[in-house]
Amino acid sequence: MARWLGRDVVSILDFTRDELLDLFEAASGLEGVLESGRARRLLEGKIVSLAFFEPSTRTRLSFEAAAKRLGAETIGFTAAEATSIAKGENLADTVRMLDGYSDLIVIRHRYEGAALYAAEIAEKPVINAGDGRQHHPTQAMLDLYTVNRLYGTVDGLVYGVLGDLRYGRAATSFLLALTRFKPKMVYLISPPLLRPREEVYMALRQQGLPFQETESLEEVLPELDVLYVTRIQRERFPDLRDYEKVRGSYRVTLDLLQRHAKPELKVLHPLPRVDEIDYRVDGSPYQAYFLQARLGVPVRAALLAKILGAW
Amino acid sequence: MARWLGRDVVSILDFTRDELLDLFEAASGLEGVLESGRARRLLEGKIVSLAFFEPSTRTRLSFEAAAKRLGAETIGFTAAEATSIAKGENLADTVRMLDGYSDLIVIRHRYEGAALYAAEIAEKPVINAGDGRQHHPTQAMLDLYTVNRLYGTVDGLVYGVLGDLRYGRAATSFLLALTRFKPKMVYLISPPLLRPREEVYMALRQQGLPFQETESLEEVLPELDVLYVTRIQRERFPDLRDYEKVRGSYRVTLDLLQRHAKPELKVLHPLPRVDEIDYRVDGSPYQAYFLQARLGVPVRAALLAKILGAW
Amino acid sequence: MARWLGRDVVSILDFTRDELLDLFEAASGLEGVLESGRARRLLEGKIVSLAFFEPSTRTRLSFEAAAKRLGAETIGFTAAEATSIAKGENLADTVRMLDGYSDLIVIRHRYEGAALYAAEIAEKPVINAGDGRQHHPTQAMLDLYTVNRLYGTVDGLVYGVLGDLRYGRAATSFLLALTRFKPKMVYLISPPLLRPREEVYMALRQQGLPFQETESLEEVLPELDVLYVTRIQRERFPDLRDYEKVRGSYRVTLDLLQRHAKPELKVLHPLPRVDEIDYRVDGSPYQAYFLQARLGVPVRAALLAKILGAW
């Protein structure tokens, strides 16, 4: 579709339902052929810049694997090297440099709006690999793709989104992505301190997402088809005792799932996790986060291929 | 030309006018085909080592993009990793390692003479990507290529070289490169503290470069065809008040250019810049530094292709 | 051979004499064609992960060069980046990530057993690039390959292994590797403080390696065909005076070799070296460590090619 060629990917809200389904179809088509090496000439001769101003091994390596499975090359820098750039040069000049050296720029940045700013400066397409507290569109794409692959649809399901809904961009992007589909219900499960920011509530209401807030995972667990877990960071809590309480009640254990969840429930997590999901869940049928991590490659490959006109 | 095959690139003074023109022709030929992917098999199967003992994102990434546009692969390390090498091993052993693993070594090092030393040890060709305070030959090549592309010639023009002419290797290499051509006049514009070192004066005189020194940018600005700006670093000044004065008088603003410069004046800068060029110059016809940055890729690609026998 | 396909490489003791000879044959076959680019399609479309939790430029770059000479791509991280992973995530999750993104995982880790653990988790083959104090199997492979190339055989020779036999994994792996062959004698030359650990002695005895301990290099030097030197680190010694004594007596100088060694003696060293081998040895016929370093590429390429089914 012409709409993909040369396109920037800044927010998941830039995409319609049909576009996302179209992307899923491409990802599905690529899944079979990436590892076999049959897609290895699709982006031959292309260079993808990976500008990671903030550390993220998982996102960086999955973009890198996606590009290289398609025969593209990558250049770029990681957060450690970015420090020395940051001292000397403004973001605009760095983006112009990459714009001159490569065919597409993937950017990860600590500040809200960095990807949009980069997209305005660069002539080449820019993909937001996470900026600020709100946007991580390719994570949301692969999250929904995983749901779609497990259930054959994203619609009609009951979702629980658990953890830090205030500062976690994966959770927020997932919620925004759900507005493009027709979930039956979305439970926002978090301690009061980590509820979404007002602007996110407004976006969810405006987009007509059916949601309800709760502090209790146990209460809603029996209804859920998908539980999206995110990390709760200690640093968010002024009082450590509050943190210890919250952490205990939001820890997803195998026992908790076996007592309360439907057998079909699937647990997602953007990873890395620390201890918010017990390792005993790993071997259970609830676990879907390792599959989800793996699917980052075909989804990002599909995005690269479409934007660079190869699919 | 047989003279390029396997050749080391240590100083810009190793090259004749004809060789540089020959390089420019190759760069010009590559400019059209690098991004289209049509040059992507020229260096297939080759490995280029990027040994950056000193940080330089711009130079590193442009070499990497150049190599990869031609189908070569790169291996290497950045300054952060180099620290752990430096502790354990002398430069000679590191160079021998890269000599065994790759087909060409690009080296960036803090110390004067490191590239020459590497070239003596390595059997494979070595390219100096900046060492010490004097030599950065590939920067000079792309600088002159940019002038040549803008004016159709390097000869007969009036140049101003502004900033730190004492410690800045880009400025010094640019001056040395100009000795290979016939500029009408070269103005060395700097505060007394940052005038070239005696050895550089000697080289310029010996090579017969027509130059004049001045402290005032305003005074010579009306005559200039090319203004080459470099950064003045605070650390160079024992007295901060001296720095503030100098910094103010050497700041290139749009207003200054519009009041004093010819309309055809082109402003170059090796980048990164901090605040020595006002951002309002970016959108003006004087600005040529973004083009210059971009041209680093075809010039370095031409050099790699010629040295490795592919062009 | 079917035995190689998909195989993990954790310890040199996992390999039989025949398998090692088979590997040497492949390495020998590749030596001629790697630099010419004729092997550049063997692993096309494959991705090799380089997970270096501990710094090692030499090992990392030789794996990277090996993979790229065969047309494979690499993704991964170096020790500097690994720190930020280590904070957030356990080794198992990191390994699962790489397992999902690539076709083979090369891992270097500070802790004993990390590679075995990774191999148990990953579905894709895992190669140990050094873990703990004992195992560095690919180093041992290239060490023996070097001996084999120099003498036409590994059997029947007199070996001296010098230096830190207690904490140095290269020395230990070399000793374990020798148990697969029939050396005439192996001298363990070290100060008492740096003698092998009990478990290593047990392994050597159990495997029937003919060895003798000594503190004096001079004494056994006349008998040696191969002298394998490793670094003695100051940090190992509670008393600095002990260190200074040991260091002096174990320094391999040209004079020492000329006075005591056979003319055919070959000196190996896994590198990097600091001052345990005098630089004047570099230009002498005794020196074989630069060749040895170079041979890391064909040996590792052979291993990758066999495990990934391309040779």
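Nothing here was measured: the structure is a model prediction, and the numbers come from that model.

## Quick notes on the packing of aromatic side chains
Residues and elements named next belong to chain A. Taken as a whole, this structure holds 25 aromatic pairs over all chains when the rule is applied. Aromatic side chains Phe174 and Tyr228 sit 4.3 Å apart centroid to centroid with 15 degrees between the ring planes, which places their arrangement in the stacked category. Taken together, the residues span a long stretch of sequence, with Phe174 in helix 7 (residues 169-178) and Tyr228 in strand 8 (residues 226-229) at a distance of 54 residues. On the basis of relative accessible area, Phe174 is assigned to the buried category, the value being 0%. Among the residues examined, Tyr228 registers a relative accessible area of 0% and is labelled buried. In this structure, Arg7 packs its charged tip against the face of Trp4, placed 5.6 Å from the ring centre.

## Describing the domain arrangement of chain A
Residue and element names in this part refer to chain A. According to the domain assignment, chain A consists of domain 1 (12-135 + 296-307) and domain 2 (137-293). The C-alpha-based centres of domain 1 and domain 2 are spaced at 25 Å. With 29 residues of domain 1 at the interface, the matching set in domain 2 holds 32 residues. Here domain 1 packs against domain 2, burying approximately 2,700 Å² in sum over the two surfaces, 59% of which is carbon and sulfur. Among the residues of domain 1 in contact with domain 2, Ile12, Arg133 and Gln134 are the three that bury the most area, contributing 27% of the side total. Scanning the region where domain 1 abuts domain 2 turns up three salt bridges. The residue Arg17 makes a salt bridge to Asp155 at a minimum N-O spacing of 2.6 Å. Joining domain 1 to domain 2, the criterion identifies 13 residue pairs in polar contact (both at pLDDT 80 or more). Taken together, the elements giving at least two residues each to the side of domain 1 that touches domain 2 come down to helix 1 (17-34), helix 2 (57-69), strand 3 (104-109), strand 4 (126-131) and helix 12 (289-307). The element that contributes the greatest number of residues to the side of domain 1 that touches domain 2 is helix 1, accounting for eight residues.

## Points about the relation of the copies chain A and chain B
Between chain A and chain B, which share one sequence, the superposing operator has a rotation angle of 120 degrees and an axial displacement of 0.0 Å; the RMSD is 0.0 Å. Both copies are brought into coincidence by an operation consistent with a three-fold rotation axis. Relative to the rotation axis, the C-alpha of Ala80 of chain A is the closest in chain A, positioned 4.5 Å from it. A different interface surface on each copy is seen, since only 7% of the contact residues of chain A are contact residues in chain B too.

## Structural notes on the interface of chain A and chain B
Listed as interface residues are 27 residues of chain A and, on the opposing side, 24 residues of chain B. Between chain A and chain B, a total of about 2,300 Å² is buried, with carbon and sulfur atoms accounting for 47% of that surface. Only strand 2 (73-77), helix 3 (79-88) and helix 4 (91-101) of chain A provide two or more residues apiece to the side of chain A that touches chain B. When residues in the side of chain A that touches chain B are grouped by element, the largest group, seven residues, is from helix 4 of chain A.

## Describing the sheet that holds strand 9 (residues 266-268) of chain C
All names here are of chain C. With respect to topology, five strands assemble into an open sheet ordered 7-6-5-8-9, the strand pairing being parallel. Across the chains shown, the open sheet's two edge strands, defined by having one partner strand only, are strand 7 (211-214) and strand 9. Sheet twist, expressed as the average angle between the axes of neighbouring strands with direction ignored, equals 20 degrees. As defined by bridge partners, strand 6 (residues 185-189) adjoins strand 7 across four bridges and the pair is classed as parallel.

## What to know about the pairing of strand 5 (residues 158-162) of chain A
Residues and elements named next belong to chain A. With five of five residues buried, strand 5 lies mostly within the body of the structure. The alternating pattern of strand 5 places Val158, Gly160 and Leu162 on one face and Tyr159 and Val161 on the opposite face, and all of these are buried. Across five bridges, strand 5 lies against strand 6 (residues 185-189) in parallel orientation. Considered in strand 6, the bridge of Gly160 is made with Tyr187. Read from strand 5 through helix 7 to strand 6, the crossover connection turns out right-handed.

Calculation notes
Residues numbered from 1 in each chain as written. Chains lettered and ligands numbered in written order. Predicted model: local features only at pLDDT ≥ 70, side-chain atom pairs only at ≥ 80, totals over all residues. Heavy atoms only, no water. Phe/Tyr/Trp six-rings, centres within 6.5 Å; stacked < 30°, edge-to-face > 60°. Helix = DSSP H or I, 4+ residues; strand = E, 2+ residues; numbered from the N terminus. Buried < 20%, exposed > 50% of the residue type's maximum accessible area, 1.4 Å probe, protein only. Lys NZ or Arg CZ within 6 Å of the ring centre and 35° of its normal. Domains from an automatic or database assignment. Contact = heavy atoms within 4.5 Å. Buried area = accessible area lost by both parts, 1.4 Å probe. Salt bridge = Lys/Arg side-chain N within 4 Å of Asp/Glu carboxyl O. Polar contact = N/O pair within 3.5 Å; in protein donor to acceptor, adjacent residues only side chain to side chain. Least-squares fit on C-alpha atoms with pLDDT ≥ 70 in both. Pairing = 2+ DSSP bridges. Axes fitted to C-alpha atoms, helices over the stretch in contact; angles between N-to-C directions. Right-handed = clockwise from strand over helix to strand, strands pointing away.

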